[in-house]
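# Architecture and fold: a report
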Amino acid sequence: MHYDYLIVGAGLFGATFANLATKRGKRCLVIDKRSHSGGNLYCEEIEGINVHKYGAHIFHTSDKEVWEYVNSIVPFNRYTNSPVAQAPNGKLYNLPFNMNTFYQMWGVKTPEEALAKLEEQRKDALEKMQAEGVSEPRNLEEQALTLIGKDIYEQLIKGYTEKQWGRKCTDLPSFIIKRLPVRLTFDNNYFNDLFQGIPIGGYNRLIEGLLKGVDVKLNTDFFNNRTYWETIADKIVFTGKIDEFYDYRFGKLEYRTVNFDTKILDEANHQGNAVVNYTSADVPYTRVIEHKHFETFGNAVYDNPKTVISEEYSTEWHDGMEPFYPVNDDRNQKVYEQYKELADKEQNVIFGGRLAEYKYYDMAPIIAKVQNFFKTNGK
Ligand code: FAD
C-alpha cells in the first residue's frame, strides 16, 4: 500500500501526528526501531505497577486545547507533582522552595520572616563578592549564593547540581541558573500550570489511543532499509536524530542521559511519595522514583504489597545509550544549525520532536506543535 505519510518514530510526536493526520483522512504508516510504541513515555508493567521505563513523566500544561485533546483520548488522574528532597543534613524538605521549605530550614512562619531570612543569606554572598571586587557571578555557585543564599544552596542545590552535570558548581557557568523561583506561600505543587496529571491506566493508553486505526511496524529501523522507506509514502515525518538522518556529516550532536536502577521491593510503600531528590554528593543517585504513587493515592497504595522504585544516575551519553537531554552549548548549536539548514530545504520530509529538532520539549508543547502544524497546513 502507498501511504500519505511514513512516520519514523512512534513517540509522542509521531503518534500525535498519525492521529491528527488519520482524522483528516490521510493514510499513515508509523515505524519504530524499538519493540514498543510510545517513545520515552512508554511504561512497563511490573508487579501490576506502570513503571516509567525512560524516566518519570508528568503531564502538565496551561494550554486548554492540549489538555482537552489528551483527555479525549484517555482521561487523566489528579496526580500533582510535589517532590521532597533529602538533604546532606539528613532532613527532608519540600520542593519547590516555598514556605514549607523555609519553615523546615529556618523555622520561619510568615512570608515576612522568610523574606528577611532570604535577604540576610543573600547579603553575605553579595558582600563577599564585593570584598573580592567581583561585580557579576563568575560561576553557578556564586549565582546561586547571590540568588538564594548559603543554606539552601548547600543543602538543596550544590550536591544535586554537581551530580546532574558531573562537574563542580564552581566550574559550571552561571547562566544554568537564571532564576530561582521562590514561593512565599505554603504550596508544594511543583508546576505553575493550570492542568497536570497522569493518564488513568498509564501512558501506554494514551499512545494506544493516538495510534488507533494506524498501521504500526515495530522493531523497524528506518536506516536499515532507507531506500525502501523513502518510496513508500508521499511524505516522511522524521522524529529520529537529525544528525543520523544526514549521516553525521557535520559531526555528532551530544546528549546527557540518565541510567535507571529499577528494583522490586517487598514493601507496600517505600518512600510515601513518587519523587524524592537526594541532594547530597555522598548519595550517588539524584532521585528515587516510586512509580505506584503516580496512579495510586492515599492508603490505596497498601492494596499492592509490593512496590517498584528506580534510582536515577545522571551520566554522560555515549553511542548505544538513550539520548535524553540535548547539550545546547555553542559547539552543538552550531552543528545543529548546519543540519537544520539542510532540513529546511527538504520538500518531502517534515522534522519534528526532541531528536529531530535537537531541543528539549515537554510533552504538552510537542502536542501543541503537531496541532499547530495541522492548523497552518490545513487538511
Ligand atoms: P521520543 O519519545 O524520543 O520518540 C522518538 C521515537 O523515534 C522513539 O520511539 C525512537 O525509538 C524512534 N526512532 C528514532 N530513530 C529511529 C529510527 N532510525 N527508526 C525508527 N524509529 C526511530 N515531559 C513532560 O512533559 N513531563 C515530564 O515529566 C517529562 N519527563 C521527562 C523525563 C526524561 C528523563 C526525559 C528524557 C524526557 C522527559 N519529558 C517530560 C519529555 C518527553 O519525554 C518528550 O516531550 C517526548 O518524549 C517527546 O516525544 P518525541 O516523539 O519527540 O520523542
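For the structure, see preceding data.
Criteria and cut-off values
Residues numbered from 1 in each chain as written. Predicted model: local features only at pLDDT ≥ 70, side-chain atom pairs only at ≥ 80, totals over all residues. Heavy atoms only, no water. Phe/Tyr/Trp six-rings, centres within 6.5 Å; stacked < 30°, edge-to-face > 60°. Helix = DSSP H or I, 4+ residues; strand = E, 2+ residues; numbered from the N terminus. Buried < 20%, exposed > 50% of the residue type's maximum accessible area, 1.4 Å probe, protein only. Lys NZ or Arg CZ within 6 Å of the ring centre and 35° of its normal. Core = buried A, V, L, I, M, F, W, Y, C linked by side-chain atoms within 4.5 Å. Contact = heavy atoms within 4.5 Å. Near = heavy atom within 4 Å. Polar contact = N/O pair within 3.5 Å; in protein donor to acceptor, adjacent residues only side chain to side chain. Nonpolar A, V, L, I, M, F, W, Y, C, P; charged D, E, K, R; others polar.

## What about the packing of aromatic side chains?
Enumeration according to the criterion identifies 32 aromatic pairs in this entry. Between the aromatic rings of Phe-102 and Trp-106, the centroid separation amounts to 5.8 Å while the plane-to-plane angle is 10°, which identifies the pairing as stacked. You can see Phe-102 and its partner Trp-106 sitting in helix α3 (residues 99-106), 4 residues apart, about one turn around the helix. One exposure class covers both Phe-102 and Trp-106, and it is buried. With a centroid separation of 5.1 Å and an interplanar angle of 85°, the aromatic rings of Phe-245 and Phe-351 are classed as edge-to-face. With Phe-245 in helix α9 (residues 242-245) and Phe-351 in strand β16 (residues 349-351), this residue pair connects regions lying 106 residues apart in the sequence. Put simply, the rings of Phe-222, Phe-223, Phe-238, Phe-245, Tyr-246, Phe-250, Tyr-339 and Phe-351 touch in pairs and so form one group of aromatic residues. Across the ring face of Tyr-54, the terminal group of Arg-34 is positioned such that the distance to the ring centre comes to 4.2 Å. In this arrangement the basic side chain of Lys-252 is found over the ring face of Tyr-248, its NZ or CZ atom lying 4.9 Å from the centre.

## A word on the nonpolar core
Membership of the largest hydrophobic core comes to 46 residues, with the highest contact counts inside it found for Leu-12, Phe-17 and Phe-59. Contributions of two or more residues to this core are made by β1 (3-8), α1 (12-23), β2 (28-31), α2 (64-73), α7 (203-210) and α11 (363-376). In contact with Phe-17, other than residues within four places in its own chain, are Tyr-5, Ile-7, Val-237, Ile-350, Val-370, Phe-373 and Phe-374. Ile-232, Ala-233, Ile-242 and Ala-356 belong to the second-largest nonpolar core, a separate cluster that totals 26 residues.

## Side note on the site of the ligand
Close contacts around the ligand come from 31 residues, with Asp-32, His-57, Arg-354, Tyr-361 and Met-363 the closest. Between Lys-33 and the ligand, the recorded distance is 3.1 Å, taken from a backbone N or O atom to a nitrogen atom. In this structure, an oxygen atom belonging to the ligand sits 2.8 Å away from a side-chain N or O atom of Arg-354. Counting only elements with at least two residues in the shell around the ligand, the list comes to α1 and α11. Classifying every residue of the shell around the ligand gives 16 nonpolar, 9 polar and 6 charged.

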